[in-house]
Amino acid sequence: MRRSAAYFAGLNVAFSALAFALILGVGAQPHGAVLVGTAMSAAAVVGLTGSLLTPALPAARLPEGDPGGGTRARGRPLALAWTSGSTVAFVAGFCALCLLTPVSSASFATIMAVAVPEEIYGRVATTSSLLAQLLQPFGPLAAGLLLARMSLPSTAALFAVALALLAGVPLLLPEPSAQPTTPAQDRSSS
């Protein structure tokens, strides 16, 4: 659960930083307000689409069936934005993040439902949510600092690297056991 919370904390920071990099970096371009408004609307539609598609995806398509695959898919358009300098590719990276986040969240909820004993589920869910949101306020700060020192394509490259690193975290996540352990079983096995 700790590694899952760390994964989502990193993902939340990346999401927040990408959103502000989009606003600050793309907004500074000619017709930037129109580009940012269009990009944010597209990301919202894509995120809604991801939410609607998540229940239809078989379990093998969720992140525990392809560890890190969704995060790698999020980073590819950002790598393209870095190499090409394309604003469209940067927006595509942000949209990919919005599309695949509901899938990752559903996978995490499945792991929690299977792995956490019922009597402590509420505490674990609340703590995991808090930990996942804890670093999110640093995303806008990171975006501002990066864009003050680097171009939008270079900032996209750093986000691509961050997402590539995050893609490795699900590889460390254990398969959920079929039977949740109880605190008494944990103490007896120690």
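Reading the values: rules and limits
- Residues numbered from 1 in each chain as written.
- Predicted model: local features only at pLDDT ≥ 70, side-chain atom pairs only at ≥ 80, totals over all residues.
- Heavy atoms only, no water.
- Core = buried A, V, L, I, M, F, W, Y, C linked by side-chain atoms within 4.5 Å.
- Buried < 20%, exposed > 50% of the residue type's maximum accessible area, 1.4 Å probe, protein only.
- Helix = DSSP H or I, 4+ residues; strand = E, 2+ residues; numbered from the N terminus.
- Axes fitted to C-alpha atoms, helices over the stretch in contact; angles between N-to-C directions.
- Parallel < 35°, antiparallel > 145°, perpendicular 65-115°, else oblique.
- Left-handed = near helix turned anticlockwise from the far one by under 90°.
- Contact = heavy atoms within 4.5 Å.
- Expected span 1.5 Å × (residues − 1).
- Arc of directions from axis to C-beta.
- pLDDT = per-residue confidence, 0-100.

## Regarding the nonpolar core
So, point 1. Counting 32 residues, the largest nonpolar core has L11, L22, F90, F94 and F159 as the members making the most contacts within it.
So, point 2. Sorting the residues of this core by element identifies α1 (2–27), α2 (32–53), α4 (87–115), α5 (121–133), α6 (138–149) and α7 (152–172) as the ones contributing at least two each.
So, point 3. Among the elements that line this core, the one with the most residues is α1, at ten residues.

## Looking at the packing of α1 against α6
To characterise two packed helices, one gives the angle between the axes of the helices and the distance between these axes.
So, point 1. Packing of α1 against α6 leaves a shortest axis separation of 7 Å and a crossing angle of 45°. Taken together, α1 and α6 sit at an angle that is classed as oblique. In this structure, α1 crosses over α6, and the sense of that crossing is right-handed. Facing α1, whose interface residues are V13, S16, A17, F20, A21, L24 and G25, α6 presents G139, P140, A143, G144 and L147.

## Brief notes about α5
So, point 1. Its 13 residues place the ends of α5 18 Å apart at the C-alpha level, agreeing with the 18 Å of an ideal helix rising 1.5 Å per residue.
So, point 2. Every buried residue of α5 is accounted for by V124, S128 and A132. Angularly, the buried residues of α5 cover 65° about the axis, an arc narrow enough to put them on a single face. Counted as exposed and oriented over 90 degrees from the buried face of α5: R123, T126 and L130.

## Examining unusual backbone geometry
So, point 1. Backbone geometry at H31 places phi at a positive 60°, although glycine is not the residue there.
So, point 2. For H31, the location among the structural elements is in the loop between α1 and α2.

## Comments concerning the confidence of the model for the chain
Residues shown with low pLDDT carry predicted positions that ought not to be read at fine detail.
So, point 1. When pLDDT is averaged along the chain, the result is 76, and 75% of the positions lie at 70 or above.
So, point 2. Mean pLDDT across the secondary structure elements of the chain bottoms out at helix α8 (residues 183–189), with 50, and peaks at α6, with 92.
So, point 3. Note that residues 59–69 has pLDDT below 50 and, in this model, 20 contacts with residues that lie over four places away or in other chains.

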